[in-house]
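# A look at the structure
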Amino acid sequence: MRHEVRFSGFGGQGIILSAVILGRAAALYDNRYAVQTQVYGPEARGGASMSQVVIDDEPILFPKVKIPNLFVIMSQEGFEKYGKNAPADATMLIDSGLVHDRPSCRCIEIPATREAKEKLGRDIVANIIMLGSLTAATAVVSKEALEKAILASVPKGTEELNLKAMRLGFALASPDQ
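Residues numbered from 1 in each chain as written. Predicted model: local features only at pLDDT ≥ 70, side-chain atom pairs only at ≥ 80, totals over all residues. Heavy atoms only, no water.

Further remarks concern the overall build of the protein chain. Secondary structure summary: the protein chain contains six helices and six strands in total. Its C-alpha radius of gyration of 15 Å places the protein chain within 12% of the 16 Å reference for a compact globule of 177 residues. Its C-alpha atoms give the protein chain principal-axis dimensions of about 40 × 40 × 35 Å. Looking at the protein chain residue by residue over its 177 residues, the buried ones come to 51%. Taking the intrachain contacts of the protein chain between residues at least 6 apart in sequence as the baseline, contacts between residues at least 24 apart amount to 59%. (Helix = DSSP H or I, 4+ residues; strand = E, 2+ residues; numbered from the N terminus. Rg over C-alpha atoms; globule rule 2.2 N^0.38 Å. Buried < 20%, exposed > 50% of the residue type's maximum accessible area, 1.4 Å probe, protein only. Contact = heavy atoms within 4.5 Å.)

All right, on to the packing of helix α5 (residues 143-153) against helix α6 (residues 159-173) then. One way to put it is that α5 packs onto α6 with a least axis distance of 10 Å and a crossing angle of 150 degrees. If you check the angle between α5 and α6, you find them roughly antiparallel. For α5 against α6, the interelement crossing comes out right-handed. Between α5, through Lys-143, Leu-146, Glu-147, Ile-150 and Leu-151, and α6, the contact on the second element is made entirely by Glu-159, Asn-162, Leu-163, Met-166 and Phe-170. Residue composition of the contact of α5 with α6, by class: six nonpolar, one polar and three charged. (Axes fitted to C-alpha atoms, helices over the stretch in contact; angles between N-to-C directions. Parallel < 35°, antiparallel > 145°, perpendicular 65-115°, else oblique. Left-handed = near helix turned anticlockwise from the far one by under 90°. Nonpolar A, V, L, I, M, F, W, Y, C, P; charged D, E, K, R; others polar.)

The next thing to look at is the pairing of strand β1 (residues 3-10). For β1, the tally of buried residues reaches seven of eight residues, placing the bulk of the element in the interior. Of the pairings in the sheet, the one linking β1 to strand β4 (residues 70-73) comprises four bridges and is parallel in character. Each residue of the ladder has a partner; that of Phe-7, found in β4, is Val-72. (Pairing = 2+ DSSP bridges.)

On to α6. Between the first and last C-alpha of α6 there are 21 Å, a value that for 15 residues agrees with the 21 Å anticipated at 1.5 Å per step. Those residues of α6 that fall on the buried side of the exposure criterion are Leu-161, Asn-162, Leu-163, Ala-165, Met-166, Leu-168, Gly-169, Phe-170 and Ala-173. Of the surrounding elements, those touching the buried residues of α6 are β6 (106-110), α3 (112-120), α4 (126-138) and α5. (Expected span 1.5 Å × (residues − 1).)

The subject of this paragraph is the pattern of salt bridges. Oppositely charged side chains are able to pair whenever their charged atoms sit close together. Scanning the model with the defined rule gives eight salt bridges in all. With its nearest N and O atoms 3.0 Å apart, the salt bridge here joins Glu-115 to Arg-114. Under the relative-accessibility criterion, Glu-115 is labelled buried at 5%. Across the pair Arg-167 and Glu-160 runs a salt bridge, and its minimum N-O distance is 3.7 Å. (Salt bridge = Lys/Arg side-chain N within 4 Å of Asp/Glu carboxyl O.)

Within soluble globular proteins, side chains that are nonpolar generally end up buried alongside one another. The biggest cluster of nonpolar side chains holds 40 residues, and the ones touching the most others in it are Phe-7, Leu-22 and Leu-134. Tallying contributions element by element places α6 first for this core, with seven residues. In contact with Leu-22, other than residues within four places in its own chain, are Val-5, Phe-7, Ile-55, Leu-131, Leu-134, Val-140 and Val-141. (Core = buried A, V, L, I, M, F, W, Y, C linked by side-chain atoms within 4.5 Å.)

A few words on unusual backbone geometry. Not every positive phi belongs to a glycine, and Asn-31 is a case in point at roughly 55 degrees. For Asn-31, a relative accessible area of 69% puts it in the exposed group. One non-glycine residue, Ala-139, lies in positive phi territory at about 55 degrees. Looking at the secondary structure, you find Ala-139 in the loop between α4 and α5.

With the rule as written, the count across this model stands at zero aromatic pairs. Lying across the ring of Phe-170, Lys-143 places its NZ or CZ 4.8 Å from the centre. (Phe/Tyr/Trp six-rings, centres within 6.5 Å; stacked < 30°, edge-to-face > 60°. Lys NZ or Arg CZ within 6 Å of the ring centre and 35° of its normal.)

Here it is in structure tokens:
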């Protein structure tokens, strides 16, 4: 099954790292094919950024996302630039404290930045919360693959914090919440 995933937010939120981790989880730990691309403005930190991942069971012949079916949106500007026109059959996870508009597609509200600050004391891991929520809500990659990819990607000394963030994301997107 092919998934085209678009991440968007502002520079400094780990938007590109999120896509790298998701692609790594798919390609290295779930034995699927994946390719990742990114776009960010000249203002890097604070400006809108966007990163995309194509994940497929078959070799990927065209590496760009044509029509995303999964979105992770972490800022209002990111929503306006990269999520506003999401297809009706897409699924969008939004950081509910930072994105004020709602899409017409399936929308899952995750208070990632607020929860990162309140429960983990570090808003820098909001992107990892969103990755955990994306995985729990869509099974785009396995939880085991995501955990391994996070551990292989985050700075040394932050592994436990990032694993807590991932688990918090799983809990926030679980159907029984």
